Amino acid sequence: MELGQLLMEFGDFLIYFSIGWVISNLVLGLSAFLLRRHIEKSMEQELVGVGQALDEERLIALTVEQDNDQYFCYNSITKDFVCQGSDLTEIRKRFRERYPDKDAAIYDGDCTAVAALKSQLQELKKQNENSISI
């Protein structure tokens, strides 16, 4: 093979490689954009649902405080006492007794208490008992 032909073949290889690289980047970029868009839409729909539930008073956002071995839950908006319990299961039970047609979401409060209840929630989710969320 002559040097000229070898250089032409190498040039063709570079052109095809470059075209493939550009097409691959376009496809990956478009896929990433569409995935981000889908996730944003899903999150937006979920937030709209939570907002509607709060507006319609079907969902009570809770602020949690801990005193010794008891968690005290208050309505985050009105600051009214909602319920108390020694763990998430007891809080759920007492919340359901007081508000049978409503859901609760732990919104804020004592960082240690929220972290402990999140841990308990993960355990309940494993057992498929997640009617109260954090």
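Up top is the structure these notes are about.
Residues numbered from 1 in each chain as written. Predicted model: local features only at pLDDT ≥ 70, side-chain atom pairs only at ≥ 80, totals over all residues. Heavy atoms only, no water.

Asks: Break down the side chain of Gln-70 for me, with residues and values.
Replies: Tracing the chain through its elements places Gln-70 in strand β2 (residues 70–75). Relative accessible area serves as the criterion here: at 18%, Gln-70 is assigned to the buried category. Polar contacts involving the side chain of Gln-70 include one to the side chain of Gln-84, which spans 3.1 Å. The contacts of Gln-70, once residues within four sequence positions are left out, are Glu-65, Gln-84, Gly-85, Ser-86 and Arg-94. (Helix = DSSP H or I, 4+ residues; strand = E, 2+ residues; numbered from the N terminus. Buried < 20%, exposed > 50% of the residue type's maximum accessible area, 1.4 Å probe, protein only. Polar contact = N/O pair within 3.5 Å; in protein donor to acceptor, adjacent residues only side chain to side chain. Contact = heavy atoms within 4.5 Å.)

Asks: Hey, could you go over a negative patch on the surface for me, with residue numbers and the actual values?
Replies: A cluster of acidic side chains, namely Glu-65, Asp-67, Asp-69 and Asp-110, defines a negative patch on the protein surface. Among the secondary structure elements, Glu-65 is positioned in strand β1 (residues 59–67). (Patch = residues over 30% accessible without salt bridge, like charges linked within 9 Å, V, L, I, M, F, W, Y side chains within 5 Å. Areas by Shrake-Rupley, 256 points an atom, 1.4 Å probe, with all protein chains shown as cover. Salt bridge = Lys/Arg side-chain N within 4 Å of Asp/Glu carboxyl O. Lys, Arg positive; Asp, Glu negative; His and termini not counted. Charge placed at Lys NZ, Arg CZ, Asp CG, Glu CD.)

Asks: Just give me the short version of the environment of Ala-61, but keep the residues and values in it.
Replies: With respect to the helices and strands, Ala-61 occurs in strand β1. In sequence terms Ala-61 and Tyr-74 are 13 residues apart; their C-alpha atoms lie 8.3 Å from each other.

Asks: Provide a residue-level description of the sheet that holds β2, including the pertinent values.
Replies: Spatial strand order, β3-β2-β1-β4: 4 strands in an open sheet with mixed pairing. Strands at the two margins of the open sheet, each flanked by one partner only, are β3 (81–85) and β4 (103–109). This sheet shows a mean twist of 35° between the axes of neighbouring strands, independent of strand direction. Examined bridge by bridge, β1 and β2 share 6 bridges and lie antiparallel to one another. The residue of β2 that forms the bridge with Gln-66 is Tyr-71. Across the face of the sheet, helix α2 (residues 88–98) comes into contact with β1, β2, β3 and β4 while running at roughly 140° to β3. The sheet contacts of helix α3 (residues 111–126) involve β1, β2 and β4, and relative to β4 the element is tilted by about 140°. (Pairing = 2+ DSSP bridges. Axes fitted to C-alpha atoms, helices over the stretch in contact; angles between N-to-C directions.)

Asks: Would you mind going over the nonpolar core in detail, with residue names and values included?
Replies: Leu-62, Val-64, Val-82, Phe-95, Ile-106 and Leu-117 are the most contacted members of the largest nonpolar core, which totals 18 residues. Counting only elements with at least two residues in this core, the list comes to β1, β2, β3, α2, β4 and α3. In terms of residues, this core owes the most to one element, α3, which gives 5 residues. The contacts of Val-64, once residues within four sequence positions are left out, are Tyr-71, Phe-72, Cys-73, Ile-106, Asp-108, Gly-109, Asp-110, Ala-113 and Leu-117. (Core = buried A, V, L, I, M, F, W, Y, C linked by side-chain atoms within 4.5 Å.)

Function cannot be inferred from these measures alone, as they are strictly geometric.
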